[in-house]
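Architecture at a glance
Each chain is listed here by its residues.
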Amino acid sequence: MKLVFRIVAVSMLGLAFSTVCTADVKGAEIHGTVNVPGAVHTPPPRYLGGGTSGVKGNPQTELIAVAVEWLDSAMAPAVTDTALVMAQENTWFVPNLLVVPVGGQVTFPNHDAIFHNVFSYSPPHSFDLGRYPKGQTRTVRFEEHGIVRIFCEIHASMYGTILVVNSNWYRVINAGIPFDFGGLPSGNFRVIAVDAAGRRSMQDVHVDASESKSVSLTLK
Ligand SMILES: [Cu+2]
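Structural notes, computed from the coordinates. What you see is a predicted model; the values in this text were computed from it and never measured.

1. Overview of the environment of G146
Structurally, G146 is set in strand β13 (residues 146–151). The class for G146 is partly exposed, based on 17 C-beta atoms found within 10 Å. Sequence separation of G146 and H125 is 21 residues, and the distance between their C-alpha atoms is 8.5 Å. With sequence-adjacent residues up to four places away left out, G146 is seen in contact with S122, P123, P124 and V164.

Spelled out as structure tokens, the structure:
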């Protein structure tokens, strides 16, 4: 009698499990667009110490980092030991926008013939790497999720942003290009978008299994 009950219970569990798996095969999807109101302020051209190249406006300001964080799970994102790169080039941070998972690293090589500094006062991770010359680099590991604004104390025109996400669903897109994240579990998500100037937008959204939801974010 006991054995029969156990077999029935196990097969019911198996049925429930396979039903969940079937429903999650496609997964939920969040897609949408990020609206960028007006152009980012572009500082005037700056000239390097060597005097060889006048530097044009920052061509990267139309990039947007976008991610969805799963609010129902504290699961740590997958991280590799490979650091992303935010270089100092022609008195800019290049690229000046990155998105990294919590625990990820960013390296800041100086490619210019002048000294630069890299610092942030942002609460998720304030740091100051000091001044260093061409050919040197420093690496920072980001352990808290949030938006980290990056600056150089020597050159006020240098700015960048690193979006640190507690998620495996993230990417950098061009402004105006729709994004989509598929294969999501059902549940509650926070969609986060930020640009290099630190303008941001967030929206919470719930998706059921296999549901596809659209969001529209406007950076402020
Ligand atoms: Cu600098």
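2. So, the pairing of strand β18 (residues 200–207)
Here strand β17 (residues 187–195) runs beside β18; their pairing, made up of 8 bridges, is antiparallel. The partner of G187 across the bridge, within β18, is V207. The turn linking β17 back onto β18 is made up of 4 residues, and G198 within it adopts a positive phi angle of 90°.

3. Comments concerning the sheet that holds strand β1 (residues 28–35)
The sheet built from 3 strands is open, its strands ordered β16-β1-β19 with mixed pairing. Taken across any chain shown, the strands that pair with only one partner, and hence form the sheet edges, are β16 (179–184) and β19 (212–218). Neighbour to neighbour, the strand axes of the sheet diverge by 20° on average, direction disregarded. By the bridge criterion, 7 bridges tie β1 to β19 in an arrangement that is parallel. Across the sheet, residue H31 finds its bridge partner in β19, namely S214.

4. Points about the pairing of strand β10 (residues 116–120)
On any regular strand, side chains alternate: one points to one face of the sheet, the next to the other face. Residues of β10 alternate between two faces, with H116, V118 and S120 buried on one and N117 and F119 left unburied on the opposite face. By the bridge criterion, 4 bridges tie β10 to strand β11 (residues 127–132) in an arrangement that is antiparallel. By the bridge assignment for β11, H116 is matched with Y132. Between the antiparallel neighbours β10 and β11 lie 6 residues.

5. Some remarks on the sheet that holds strand β4 (residues 63–70)
Taken in spatial order, the 4 strands line up as β15-β4-β17-β18 in an open sheet, and their pairing is antiparallel. Among the strands making up the open sheet, the edge pair consists of β15 (169–174) and β18. Pairwise comparison of adjacent strand axes, ignoring direction, gives a mean angle of 20° for this sheet.

What counts and what doesn't
- Residues numbered from 1 in each chain as written.
- Predicted model: local features only at pLDDT ≥ 70, side-chain atom pairs only at ≥ 80, totals over all residues.
- Helix = DSSP H or I, 4+ residues; strand = E, 2+ residues; numbered from the N terminus.
- Buried ≥ 20, exposed ≤ 12 C-beta atoms within 10 Å, placed from the backbone.
- Contact = placed C-beta atoms within 7 Å.
- Pairing = 2+ DSSP bridges.
- Axes fitted to C-alpha atoms, helices over the stretch in contact; angles between N-to-C directions.

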